[in-house]
Amino acid sequence: MSLTKGERNITICIDRGGTFTDCIAFVPTKDGTSPYKTIVVKLLSVDPQNYPDAPREGIRRILELATGVPHPADKLVNTSRLKVIRMGTTVATNALLERKGDASALVITKGFKDLLHIGNQSRPKIFDLAIEKPAVLYKTVIEVHERVALVKEGEDEGGEHVTGVTGEKVEILEPLNIGQVEKDLRAVYDSGIRSIAISLLHSYTFPDHEKRVAAIAKQIGFTNITLSSAIMPMVKIVPRAASAMADAYLTPVIQRYIEGFFSGFDEDIRDPKKVRVEFMQSDGGLTPVEDFSGFRAILSGPAGGVVGYARTSWDEPEANSVRGGKAIIGFDQGGTSTDVSRYAGQYEHVFETTTADVTIQAPQLNISTVAAGGGSQLFFRSGLFVVGPESAGANPGPACYRKGGPATITDANLVLGRLVPAHFPAVFGPSQSEPLSTEAAFKVLQEIADEVNRASPGGQPMSVDEVAFGFIKVANEAMARPIRGLTQAKGFNTADHILACFGGAGGQHACAIARSLGIGMILIHKHSSILSAYGLSLADVVHEEQEPSAHTLGEDALPTIRDRVQHLQTACTTYLQNEGFDHTAIELEVYLNLRYQGTDHAMMTQKPEDSWDFQTPFVAQYQQEFGFTLPDRDIIIDDIRVRGIGKSAVAPETDHSVYADLATLTQRDVSGTHIDQQQVFWEGGRVDTPVYLIPNMQPGDHVHGPALLIDRNSTVALEPLCHGTMTTSHLVITLDTVKPTTATASTDLDPIKLSVFAHRFMSIAEQMGTTLRKTAISTNIKERLDFSCALFGPDGGLIANAPHIPIHLGSMQEAVRWQMRSTEMEDGDVLVTNHPSAGGSHLPDITVITPVFNKGVIEFFVASRGHHADIGGIRAGSMPPDSRELYQEGAAIKSFKLVRKGHFDEPGIRRILVDEPAQYPGCSGSRCINDCISDLKAQTAANHRGITLVRQLIEEYGLETVQAYMGYIRTNAETAVRDLLKRVAASGRTTLTASDCMDDGTPITLTITIDGPTGSAVFDFTGTGPQVYANTNAPRAITYSAVIYCLRSLVSSDIPLNQGALNPVEIIIPPNTLLSPAEGAAVVGGNVLTSQRVVDVVLKAFNACAASQGCCNNFTFGKGGEGGFGYYETIAGGSGAGPTWHGRSGVHTHITNTRITDPEIFERRYPVLLREFGLRPNSGGEGLYRGGDGCVREVEFREEVEVSMLSERRVFAPYGMEGGGEGRRGVNTLLRKDGRTVNFGGKNATRVTKGDRVRIETPGGGGWGRKGEDVKA
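Residues numbered from 1 in each chain as written. Predicted model: local features only at pLDDT ≥ 70, side-chain atom pairs only at ≥ 80, totals over all residues. Heavy atoms only, no water.

Here the focus is the overall build of the chain. Assigned secondary structure in the chain consists of 25 helices and 56 strands. The C-alpha radius of gyration computed for the chain amounts to 31 Å, which stays within 12% of the reference 33 Å derived for 1273 residues, consistent with globular compactness. Overall size of the chain, expressed as C-alpha extent along the three principal axes, is 95 × 80 × 65 Å. The contacts of the chain with a sequence gap of at least 6 include a subset with a gap of at least 24, amounting to 71%. The average position of the 122 basic charges and that of the 147 acidic charges among the side chains of the chain differ by 3 Å. (Helix = DSSP H or I, 4+ residues; strand = E, 2+ residues; numbered from the N terminus. Rg over C-alpha atoms; globule rule 2.2 N^0.38 Å. Contact = heavy atoms within 4.5 Å. Lys, Arg positive; Asp, Glu negative; His and termini not counted. Charge placed at Lys NZ, Arg CZ, Asp CG, Glu CD.)

Structure below.
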């Protein structure tokens, strides 16, 4: 084969990863034997002793190999043979993760300078007392004096107003102060900052002010100016501003990287007419180098792999009967993590994702990542096998790399014989010249095996092989979990997919994961170990144009939509033609981002090929994903999007079908032609296993498992009952169907199986939560995430509760057990309850419970609890600050069969929620009953999802085994808590005491008596004040939740949370006290206020940390009658400092973790203006470690409504510890339009009129230790 000479015809595709850089070149041949020769080069991404830049070095080596002409490393690279360079890179991702972007400034509307710090106010890990979130990206903030507001139908339009891009009317409340903007920008410029992000409220529809600020910044000399309205004009300022900030922070880094890359080539590299340089974007499309920007670069690396498997593994359903139209799951396992995705003929995009605590609002491929790669570390913790998230990295790497590294998945595979050191390059050890060390891997796993065996001295000791195999099983389950979420959560059967496996480590796990998921076919491409680079050769150049909208889908809006689409299509076409694409190579895809009126979940819906009927595909997509539709609601168009595609794949195999290949190949059994064999541990023990070299195999060659198949950069573990067939482009693996042998499944405790069940139980609760969030209607559940889902054993004890809302953790099982004692249940029943004497927390939290029967016996329960917007009572929102009796807080339900024998009793629940509360004096029924009904149906659907998943688990393992492990998982949590209590006792503290007061002076007193030998404790609340004639009474279930939350937070390891955590604890609560009120007492504040104080008291007794804000700052407003509504939010504050940490500012703490509505959505949906939302400076307590600052939130009302405030820590400040200072008390102020300022108090309600404001200043957290020492933050 000879190569063409002298022409500019070489294409090189490069994936620059965190550890390795993969390069593949396509070099045309002259003799016609094949269109291209491929050259593959793999090298370290960072190797400064040998080269300054890995992609450039890869190109240099390829050119030498392709031309036979030396290209000296110390000379500029000659580009005369280069035609195209395509690159995917993790440069932006790494800069974001490591916070190594450019010094940048944020320009934002006055009153919102801390908006990106607060974000959605939730914390990432609900049990971490030391709340850690990455730093914000900006170095400084400019607050701009300007303000606009949306004008709703019927509102007074007295001020200056214009029509926005969406068609909404916009009132200019405060013009842009140009002089102040120029002064502030010049000061920032003089400080050395050259990159800014501009994001002003409602700029998605009114971008004028942003453009004017940008013009001033450009005139001053800023070199990088990002407008949020330009990069992604979508409603929601938090993600839009975060995206703009990420772009300003990362784009200069990318530009410097590109400049550094270019500097190693001759000048032709800068001329796109000679060398076309393109970069992969997060959406799976290429863009010219000059348009590559930061916020679209986050998934640049993994996106190439998605394109690679999508273009090599997919056929249209009718194209081939072998495939049968199955969708593809991409499984990309690397050194530190595994990425999973799905492809069914179209790339699945998401438009809001969070990376390193930065929310990016941009089209990105829907890729889920789990921290389970080849370098993931292995641990035995509290009786569980744990894989990751810690990684050994490249240095020291796994133990087998000979640099003293820890035990990892790679070590486990090596010990089991699934890797062959002789076929690995000898590049390990300090001298980088030694082979993999099986001995080092065995040594670290032996240490873990000894630890496992010491933990169960009476049991059968486990061998190193069994321990290593156990870790592989647990890792496989961890990797299967996001795949189930990616498929089942969208209504797809996981088994109806094909697994496309790639990445360096994926082949060792593919068979086991496919079998776990019920998948029958695996595809491994010949370039699987470099598929992200190869995928670049199959990608197209993409340019998108998008505009926001507020139209209602229908015939009236269609002419306007068509005109706007035409405008966007023209823009896309012009761009691509300017990039050299002929009109015949351009494809245009049209999308409308649609949602039902009153919901928040928009779906990007593609225009049918020959129709403008968007409703039909939208409804079908909604039905597929959620299981229902809302035919009585309008469909709203949020965005209009056009995706322009310049067809430009360069690889020769674009149209090749692996399925057609497989159907026509003559298969040859080549078993016995292996080059070697070795002992490999499979399920059941070690087996002599043949070793085959994939490069030696020909299309049609067929082998049976068990076998090891090795190519240059990866190993495939072909398990027993699996079969591999080579095609022209792939290794195709098929799996024999194996029916579960549930009859012989053991019920004996196995720590490996326990770890697997921990994943499966939690996955069930998580998927229930996903179903509930997607199918619910209300803001409380869908946006604020004020809900929890859980799985319970046949005794009603908690098995698994997804980490949703902590206050629900212990109380839901009390609700289940009350029903078991008090209600006759039958198969097909679904129960609803919210009464505090029946295990409820407060009345808005309605619990839906489904018992699951088998032959007349309850096998298990599933339940979901959600906060409903309004269930009646004396105040809109059902969170009255002035309630004295339970009936004033709305409908109280001890037990009602919402579904009886499969029939949903809508008239019955309407009577309970509407008619019954209205019978009481001064009370109303639910003010938004339709939303309540919809959310109850969503909770029922979530329960049904849980039932389906548990029954699948029972089918796989057998009922006795599943129920046995429901018990074992509780024992595991119990053991962890007992160990905690033993450690406390061993420190000499066996009697712990603490007390604190509610703002009305009622004390909460606790004495904890610990029995060291047994690791048990008595939590005695004797001395707590009496029940109050107010609403801060807390049902007993609240105290159980608070105690279980505290115990879980104090346990150092990541244990499953369940009923077992309370087994070592006896809780004594005297009756008729604040924590055990009589039936009929008002309790709405007990759930959201008293619960926080109980947590403060428990943590104070353990001397764990200073007090956090101790309040949820419950703010409610609304009105009744026609067009009535209720709005409810909780507001973040400061967290308490601890022995080694500063408190976090502007975050929710302890028993709640609900999100807050985005300011633009808040103003778009309700008659309000959010005047300020930021941090409250210096409100955290002083100390060696400072408490976190609280927040300031000021709301102006644009029509008459009823306002309620329910809060604490307005009298008694959050305490400091060990000499630390108190956090500042909260303050609620009513600012009347006429100029009066009124202290609104901690608990109050009133009517406000247009122009009135409520200002809420939330408490700070307490400090820890005496101030004075120099401590790094």
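Below, the discussion takes up the sheet that holds strand β5 (residues 104–109). An order of β6-β5-β10-β11 is seen for the 4 strands of this open sheet, with the pairing classed as parallel. Both outer strands of the open sheet, β6 (140–144) and β11 (224–227), are each paired with one neighbouring strand and no more. The average angle at which neighbouring strand axes cross in this sheet is 20°, direction not considered. Note that strand β10 (residues 195–199) and β11 share 4 bridges and pair parallel. (Pairing = 2+ DSSP bridges. Axes fitted to C-alpha atoms, helices over the stretch in contact; angles between N-to-C directions.)

Moving on: the confidence of the model for the chain. For the chain, the average pLDDT comes to 89, and 96% of its residues sit at 70 or higher. The model gives residues 319–324 a pLDDT under 50, and that stretch makes 14 contacts with residues more than four places away or in other chains. (pLDDT = per-residue confidence, 0-100.)

We now examine the nonpolar core. Grouped together as the largest cluster of nonpolar side chains are 97 residues, with contacts concentrated most on I522, L709, I733 and F761. In terms of residue count, helix α11 (residues 464–488) provides more of this core than any other element does, 12 residues in total. Not counting residues within four places of it along the chain, the set of residues in contact with F761 comprises L791, I799, A800, L953, V962, Y965, M966 and I969. Among the nonpolar cores identified, the runner-up in size contains 93 residues, and I10, A242, V1195 and M1205 belong to it. (Core = buried A, V, L, I, M, F, W, Y, C linked by side-chain atoms within 4.5 Å. Buried < 20%, exposed > 50% of the residue type's maximum accessible area, 1.4 Å probe, protein only.)

Counted at 1.5 Å a residue, the expected span for helix α5 (residues 208–220) with its 13 residues is 18 Å, and the 19 Å between its end C-alpha atoms agrees. All of the buried residues along α5 are H209, E210, V213, A214, I216, A217 and I220. Buried residues of α5, viewed axially, fall in a sector of 160°; they line one side. Every exposed residue of α5 that faces more than 90 degrees away from the buried side is listed here: K211, K218 and Q219. (Expected span 1.5 Å × (residues − 1). Arc of directions from axis to C-beta.)

For the peptide bond that leads from G705 to P706, omega is 5°, which places it in the cis range. By the element assignment, P706 lies in the loop between β32 (701–704) and β33 (707–710). Unlike most non-glycine residues, R402 shows phi in positive territory, near 70°. On the secondary structure map, R402 appears in the loop between β22 (384–391) and α9 (409–415). Judged by its relative accessible area of 29%, R402 is partly exposed. At L721, a position not held by glycine, the phi torsion is positive, near 65°. Relative to the helices and strands, L721 resides in the loop between β34 (715–718) and β35 (722–726).

Attention now moves to the pattern of salt bridges. This structure, assessed with the given rule, holds 72 salt bridges. R633 is the salt-bridge partner of D931, the closest N and O atoms lying 3.3 Å from each other. Placement of D931 in helix α21 (residues 929–957) and of R633 in the loop between α15 (615–626) and β28 (635–646) is noted, with a sequence separation of 298 residues between them. By relative accessible area, which is 24% here, D931 ends up partly exposed. A salt bridge links R1193 to E1129; the nearest nitrogen and oxygen atoms lie 2.6 Å apart. Of this pair, R1193 sits in strand β51 (residues 1191–1197) while E1129 sits in strand β49 (residues 1125–1130); the two residues are 64 residues apart in sequence, bridging distant segments of the chain. (Salt bridge = Lys/Arg side-chain N within 4 Å of Asp/Glu carboxyl O.)

On the secondary structure map, V213 appears in helix α5. Using a relative accessible area of 0% as the deciding quantity, one classes V213 as buried.

Relative to the helices and strands, N9 is located in the segment before β1 (10–16). N9 sits in the buried class, given a relative accessible area of 9%.

A few words on the side chain of H209. Residue position: H209 is located in helix α5. Judged by relative accessible area, which is 4%, H209 ranks as buried. In this view, H209 contacts E146, V148, I172, E174, P175, L176 and L200; residues no more than four positions away in its chain are not counted.

Looking now at the packing of helix α20 (residues 906–915) against α21. Their axes nearest at 11 Å, the elements α20 and α21 cross at an angle of 130°. Here α20 is positioned oblique relative to α21, judged by the angle of their axes. Crossing handedness for the pair α20 and α21: right-handed. In contact with E906, I909, R910, L913 and V914 of α20, α21 contributes I929, N930, C932, I933, L936 and K937. Partitioned by chemical class, the residues of the contact of α20 with α21 number 7 nonpolar, 1 polar and 3 charged. (Parallel < 35°, antiparallel > 145°, perpendicular 65-115°, else oblique. Left-handed = near helix turned anticlockwise from the far one by under 90°. Nonpolar A, V, L, I, M, F, W, Y, C, P; charged D, E, K, R; others polar.)

The full count for this structure, using the stated rule, is 33 aromatic pairs. Note on F380 and F385: the rings are 5.6 Å apart at their centroids and 80° apart in plane angle, and the pair reads as edge-to-face. Using a relative accessible area of 3% as the deciding quantity, one classes F385 as buried. A network of ring pairs unites the aromatic residues F1115, F1117, F1125, Y1127, F1162, Y1166 and F1197 as a single cluster. Over the aromatic face of Y189 sits the side chain of R194, whose NZ or CZ is 3.6 Å from the ring centroid. Positioned over the ring face of F379 is R381, at 4.0 Å from the centre of the ring. (Phe/Tyr/Trp six-rings, centres within 6.5 Å; stacked < 30°, edge-to-face > 60°. Lys NZ or Arg CZ within 6 Å of the ring centre and 35° of its normal.)

Further remarks concern the side chain of T1090. With respect to the helices, strands and loops of the structure, T1090 is situated in helix α24 (residues 1084–1101). Using a relative accessible area of 0% as the deciding quantity, one classes T1090 as buried. Within the structure, T1090 has its side chain in polar contact with the backbone oxygen of T1032 (distance 2.5 Å). With residues up to four places along the chain from it excluded, the contact list for T1090 reads M998, I1004, T1032, A1034, L1074, L1075 and G1085. (Polar contact = N/O pair within 3.5 Å; in protein donor to acceptor, adjacent residues only side chain to side chain.)

Taking burial as the measure, the 5 residues of strand β7 (residues 147–151) include 5 buried ones, the bulk of the element. Bridging between β7 and strand β9 (residues 169–174) involves 5 bridges; their strand directions are antiparallel. The residue bridging A149 from the neighbouring strand is E171, located in β9.

Hydrogen bonding along the main chain pairs the strands of a sheet, whether they run parallel or antiparallel. If you trace the 7 strands from one edge of the open sheet to the other, you get β38-β37-β41-β40-β39-β42-β43, paired in antiparallel fashion. The open sheet is flanked by β38 (798–801) and β43 (903–904), the only strands paired with a single partner. Packed on one face of the sheet, helix α19 (residues 811–822) meets β37 (787–792), β38, β39 (830–833), β40 (845–854) and β41 (857–867) and runs near 130° to β41.

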